[in-house]
Amino acid sequence: RRRDKRRLRAAPDSTSDLLAAARQHEDHTTLEHSSGIFGGSLEVPARESGRRLSDEELNERLTSWKCVEAHGSQRSVHRGKRMACNFKNLYFVPFRREGIFVVHVLKNTVDVGVFLHDTVSLGVTPGFSDQPVKLEIATHGSLKEFGRSLENEGPLKEHKGLTVVFCPVYHFNIGHAIWDGFYPAFVSMLQFGKAETPANALMMSKRDKGIVKTVKGGYDNSEAAYQKIAGLELLTIEQLENSTKDFKSVHRLEQAIMGIGTNAQKLDVNANFSLGACRDLDACRAFRNRIFKIMNLEPPKPARVTEPFRTIIIDNKRYGKGNAMEAITEKLKADKALEGFDIQFVSWSPHKDGDRNDSPLQSGNFTRHMEIIGSSDVHISGPGTAMMYQAFLPDGAVHVNLGINKAMDQGFMEEYVAEGSPHLRALYYPRRALNSPGLDAGALKKLILKAGELLKQGWSADKPTPIGANLSPVGQVYKAYTWLAHREKYRSALRKGLLPLRTVTGEMWMGNRFPEEFVYNGLPNHGKKAAPDLCLLGALRASFDANFPKLGVKEGIGWFGTGGQLPEKGSRRQRRLMGVPERLRRRYLKRRRRRRHLN
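Attention here is on the structure that accompanies the text. (Residues numbered from 1 in each chain as written. Predicted model: local features only at pLDDT ≥ 70, side-chain atom pairs only at ≥ 80, totals over all residues. Heavy atoms only, no water.)

Re the overall build of the chain
Consideration 1: Within the chain, the regular secondary structure consists of 20 helices and 15 strands.
Consideration 2: A buried classification covers 53% of the 599 residues belonging to the chain.
Consideration 3: Residue pairs at least 24 apart in sequence account for 71% of intrachain contacts in the chain once pairs closer than 6 positions are excluded.
Consideration 4: Accessible area for the chain stands at about 28000 Å²; split by element, carbon and sulfur atoms hold 49% of it. (Helix = DSSP H or I, 4+ residues; strand = E, 2+ residues; numbered from the N terminus. Buried < 20%, exposed > 50% of the residue type's maximum accessible area, 1.4 Å probe, protein only. Contact = heavy atoms within 4.5 Å. Areas by Shrake-Rupley, 256 points an atom, 1.4 Å probe, with all protein chains shown as cover.)

Points about the nonpolar core
Consideration 1: Trp 179, Phe 182, Tyr 183, Phe 287 and Phe 392 are the most contacted members of the largest nonpolar core, which has 117 residues in total.
Consideration 2: Ranked by the residues each element gives to this core, the list is headed by helix H6 (residues 174-191), at 10 residues.
Consideration 3: Dropping the residues within four chain positions of it, Phe 287 is found in contact with Ile 178, Trp 179, Phe 182, Tyr 183, Phe 186, Ile 229 and Phe 392. (Core = buried A, V, L, I, M, F, W, Y, C linked by side-chain atoms within 4.5 Å.)

Section: helix H12 (residues 366-374)
Consideration 1: Of all 9 residues in H12, 8 are buried, a share of seventy percent or more.
Consideration 2: Structurally, the start of H12 carries an N-cap: the backbone nitrogen of Thr 367 is 2.9 Å from a side-chain oxygen of Asn 365. (Polar contact = N/O pair within 3.5 Å; in protein donor to acceptor, adjacent residues only side chain to side chain.)

Thoughts on the state of the cysteines
In a disulfide, the sulfur atoms of two cysteines are covalently bonded to one another.
Consideration 1: Per the stated rule, a full pass over the model turns up 2 disulfides.
Consideration 2: Here Cys 278 connects covalently by a disulfide to Cys 284, the sulfurs 1.8 Å from one another. Its S-S torsion of approximately 60 degrees makes the covalent link between Cys 278 and Cys 284 right-handed. With respect to class, Cys 278 is no different from Cys 284; both count as buried.
Consideration 3: Ordering the disulfide-forming cysteines of the chain by sequence position, one finds them joined as 1-2, 3-4. (Disulfide = S-S within 2.5 Å.)

Focus on the sheet that holds strand S13 (residues 378-381)
Consideration 1: Sheet architecture is open: 5 strands sit in the order S12-S11-S13-S14-S15, paired in parallel fashion. Where the open sheet ends on each side, the last strands, each with one partner, are strand S12 (341-346) and strand S15 (425-428). Strand-to-strand, the axes of this sheet are offset by a mean angle of 20 degrees, without reference to chain direction.
Consideration 2: Relative to S13, strand S11 (residues 309-314) is paired through 3 bridges, and the arrangement is parallel. Bridge pairing links Thr 311 to Val 378 in S13. (Pairing = 2+ DSSP bridges. Axes fitted to C-alpha atoms, helices over the stretch in contact; angles between N-to-C directions.)

Things to note about a positive patch on the surface
Consideration 1: On the surface, Lys 590, Arg 591, Arg 593, Arg 594 and Arg 595 cluster together into a patch of positive charge.
Consideration 2: Mapping Arg 591 onto the fold places it in helix H20 (residues 582-598). (Patch = residues over 30% accessible without salt bridge, like charges linked within 9 Å, V, L, I, M, F, W, Y side chains within 5 Å. Salt bridge = Lys/Arg side-chain N within 4 Å of Asp/Glu carboxyl O. Lys, Arg positive; Asp, Glu negative; His and termini not counted. Charge placed at Lys NZ, Arg CZ, Asp CG, Glu CD.)

Examining the pattern of salt bridges
Here the idea is simple: oppositely charged side chains can pair when their charged atoms come close.
Consideration 1: Counted under the stated rule, the structure contains 26 salt bridges.
Consideration 2: When the shortest N-O distance is used, the salt bridge between Arg 252 and Glu 158 registers 2.5 Å. With Arg 252 in strand S10 (residues 250-258) and Glu 158 in strand S7 (residues 156-166), this pair connects stretches of sequence that are 94 residues apart.
Consideration 3: Here Arg 285 makes a salt bridge to Asp 282, at a shortest N to O gap of 3.0 Å.
Consideration 4: Asp 282 gets classed as partly exposed once you look at its relative accessible area, which sits at 27%.
Consideration 5: Salt bridges here are not isolated pairs; linked through shared partners, they connect Arg 82, Asp 130, Asp 268 and Arg 502.

Some thoughts on the environment of Phe 273
Consideration 1: One can find Phe 273 in the loop between S10 and helix H10 (283-294).
Consideration 2: Taking the relative accessible area as the measure of exposure, Phe 273 reaches 1% and is therefore buried.
Consideration 3: The spatial distance from the C-alpha of Phe 273 to the C-alpha of Leu 498 is 8.5 Å, given a sequence separation of 225 residues.
Consideration 4: Look past the residues within four positions of Phe 273 in its chain and what remains in contact with it is Met 413, Glu 415, Tyr 416, Glu 419, Leu 471, Gly 475, Tyr 478 and Pro 515.

Re the side chain of Asp 377
Consideration 1: Looking at where Asp 377 falls in the secondary structure, it is placed in the loop between H12 and S13.
Consideration 2: A polar atom in the side chain of Asp 377 sits 2.7 Å from the side chain of Arg 304.
Consideration 3: Leaving out residues up to four positions away in the same chain, Asp 377 has contacts with Ala 303, Arg 304, Pro 308, Phe 309, Arg 310, Ala 397, Val 398 and Leu 455.

Topic: unusual backbone geometry
Consideration 1: The omega angle of the peptide bond from Glu 307 to Pro 308 is 0 degrees, so this bond is cis rather than trans.
Consideration 2: Following the sequence through the fold, Pro 308 ends up in the loop between H10 and S11.
Consideration 3: Phi angles above zero are rare outside glycine, and Ser 76 is one such case at about 55 degrees.
Consideration 4: Inspection of the secondary structure puts Ser 76 in the loop between strand S1 (64-69) and strand S2 (83-93).
Consideration 5: For Ser 76, a relative accessible area of 46% corresponds to the partly exposed category.
Consideration 6: Look at Asn 296: it is not a glycine, yet its phi comes out positive at around 60 degrees.
Consideration 7: On the secondary structure map, Asn 296 appears in the loop between H10 and S11.

Considering the packing of aromatic side chains
Consideration 1: Scanning all chains against the criterion turns up 27 aromatic pairs.
Consideration 2: For the ring pair Phe 166 and Tyr 226, a centre distance of 5.0 Å and an interplane angle of 75 degrees mean the geometry is edge-to-face. In this pair, Phe 166 is assigned in strand S7 and Tyr 226 in helix H7 (residues 209-230), connecting sequence segments 60 residues apart.
Consideration 3: A relative accessible area of 0% places Phe 166 in the buried class.
Consideration 4: Tyr 226 sits in the buried class, given a relative accessible area of 1%.
Consideration 5: For the ring pair Phe 273 and Tyr 478, a centre distance of 5.5 Å and an interplane angle of 65 degrees mean the geometry is edge-to-face. Linking Phe 273 in the loop between S10 and H10 with Tyr 478 in helix H15 (residues 473-485), this pair joins segments that are 205 residues apart in sequence. Considered together, Phe 273 and Tyr 478 belong to a single accessibility category, that of buried residues.
Consideration 6: Through a chain of ring-to-ring contacts, three or more aromatic side chains come together here, namely Phe 166, Trp 179, Phe 182, Tyr 183, Phe 186, Tyr 226, Phe 287, Trp 348, Phe 366, Tyr 389 and Phe 392. (Phe/Tyr/Trp six-rings, centres within 6.5 Å; stacked < 30°, edge-to-face > 60°.)

Here we look at the packing of helix H11 (residues 324-333) against helix H14 (residues 441-457)
Consideration 1: Two numbers describe how H11 lies on H14: the axes approach to 10 Å, and their chain directions differ by 60 degrees. As judged from the angle between their axes, H11 and H14 are oblique. Along this stretch, H11 crosses H14, giving a crossing that reads as right-handed. Residue-level inspection shows Ile 328, Lys 331 and Leu 332 of H11 in contact with H14, the latter providing Ala 441, Leu 444, Lys 445 and Ile 448.
Consideration 2: Counted by class, the contact of H11 with H14 contains 5 nonpolar, no polar and 2 charged residues. (Parallel < 35°, antiparallel > 145°, perpendicular 65-115°, else oblique. Left-handed = near helix turned anticlockwise from the far one by under 90°. Nonpolar A, V, L, I, M, F, W, Y, C, P; charged D, E, K, R; others polar.)

What follows is the structure, given as C-alpha cells:
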C-alpha cells in the first residue's frame, strides 16, 4: 500500500498507474454493507477509490463528546467520578489490546481531561468492581495528519446511527442479561434523552466456555433479546474475532453512548434494597415503554380496576418436579370464589409440540413473553429468573412473590425489583411452617383476593407506591439494619442516593447471596451465614414482630417468632444473639471450674 501511495504521489497524471493502484486498493477502500454483524441493514458509505478525504470530510470524522455524571453513587470509583458519555465518531479497534476505543482530536482544540481524571465504566466485573473502558486519545497536529492516521490503521468500517456499549456478566441468564447487562446502559441512554432511540448494541464481554457446554441456549436467547431491546443490530467481540475482515477493520461508530452508573440489579444491590434509577428517573417504566415501542408492540394499558382480572402463575422449579404448579393452578381456576380472575398457567420453558398457537405456554420468544406480561393484572411467581419480567407489568399491576421453598430462613431473593418499581404493588407469601407443603392453595387464594382488592383501588402516577411498601419482612429488617449499623460512616452517602453495598463491604456485602441468609442469623436452627451485629439484628426482629404480630406461623409471635420480646439477659437465646455459641460457653465454664479446683 505504501509503494502504491508513493507511486500515486509521484505520477498523479498517469491514468494506467492510477487504475492499477485503485484495483490493488479495492478491497481496502470500498466498504460494503456489513453481513452477519450488523445484518446488512445499515447503509455504509464507500470512500472513493484513489483519493483522499477532503478537509471538510475529515473534520466531520473527528471525535466529539458530551459527558455527564453517571446516575448513581460516586463512592469507590476507580478514578474521579463515574461518567456517562455521548460520542460522535467513536472509533473501535478490535485487533489492538483485545479491543480498544480511540478518540481522534486535533491538538489544543478540546479538553480531554474527563478521560484522564474520571472513569468511564462498561459495567461491573464478576469480582464486583468497575470495568474501566480501554480508551486511547489520539491527538493530531492537523487534519492531514489525522487522515494519514486513518489510512495507516487499516480498512474502515462505518456503523450508522446510535450504538450503546456495555459489558454484561452472567448473561446466559435472562435476568442478569437484562438487569445487570442492558438496563444500566439504558439508564445512561435515558440521561441523554435517547430512551426510545433505536440503537446497535456493542457487547464487550464473551461467553464463558465452560458454561456454553451446558447452557448455550441461554446465551443465544439473551443475545437475541439484546438485539430486540436495542432495536437495530447486535455486535459482539466474538463475532469480530470470528470474521477476519471485521476483526482487522477499524470500526467508526457514528454515535455512541458509553459509561455506566451503579444501577445494576444484583451487582449493585444497594442499602435501600431497591433498583437503581427506577424511582429517581422512573427508569423502569421508561425501559418497559422502550421495549414495547421498539418491538412494535401495543403499549401496556393500565391494569384493570374491574373484573375479570387477568392472572398468570409462572412455572418455577423451586416447588417440586412435575406439574405441581400447573395442578395448583387448575385447582384455583375451579374455585368459585375466584370467578372474577382469569387464571392462566405460564411457563417460560421451550414451547412443546402440540400446544395451541395462542397458548400461554409459548416461550423462547422474547416478543411473546412481553405480550403476555403486558396484558396481565396479577403476576404470581417464585423468585429467581422466572420473575425477572415483573417490572414490565402494566401500571398498577400486582406482583405476588412466592418466596423460596424453605421454612427456617424463608426469603424472597430479588424483591428489590418490586421495591424499585413504584408502578407496581407487591404481596408476599405468608410464613411457612415446618414440614408444610411448598405451596398451599388456600394461601394462594387469599393472596389473589388481596390482589383483587388492590386492583379495585386503582393506581395513579401522582401517587406511586411509597418507598418501602413493596418490601417483605425480610427486606424491611435488612434495610433497617443497613442504615442503623452504618449511619455514622455512610450517613452522607446514604442520604444522597442508593449506596451500592459492594462499596460498603464488611458484613453487608454478600456477593451472590440474599438477605434471607443474613436476617435470621442468631435464631435457633439457623447457621451463621454472615457476620452481623447480632444484638442490633435481634432488636430489629423483635421490633418488627411487635408491630406486626399476626405475620407469624402462630398468632402473636410475628414473622421471626420473637413475640416482639428481646431474650432475657443471660439466657441461651440472649447469648446466641450476642454471638456466644453455647458450646463455647460450656467449654469456658469447664475450664474455669478446673482452674478453681487446682487452686
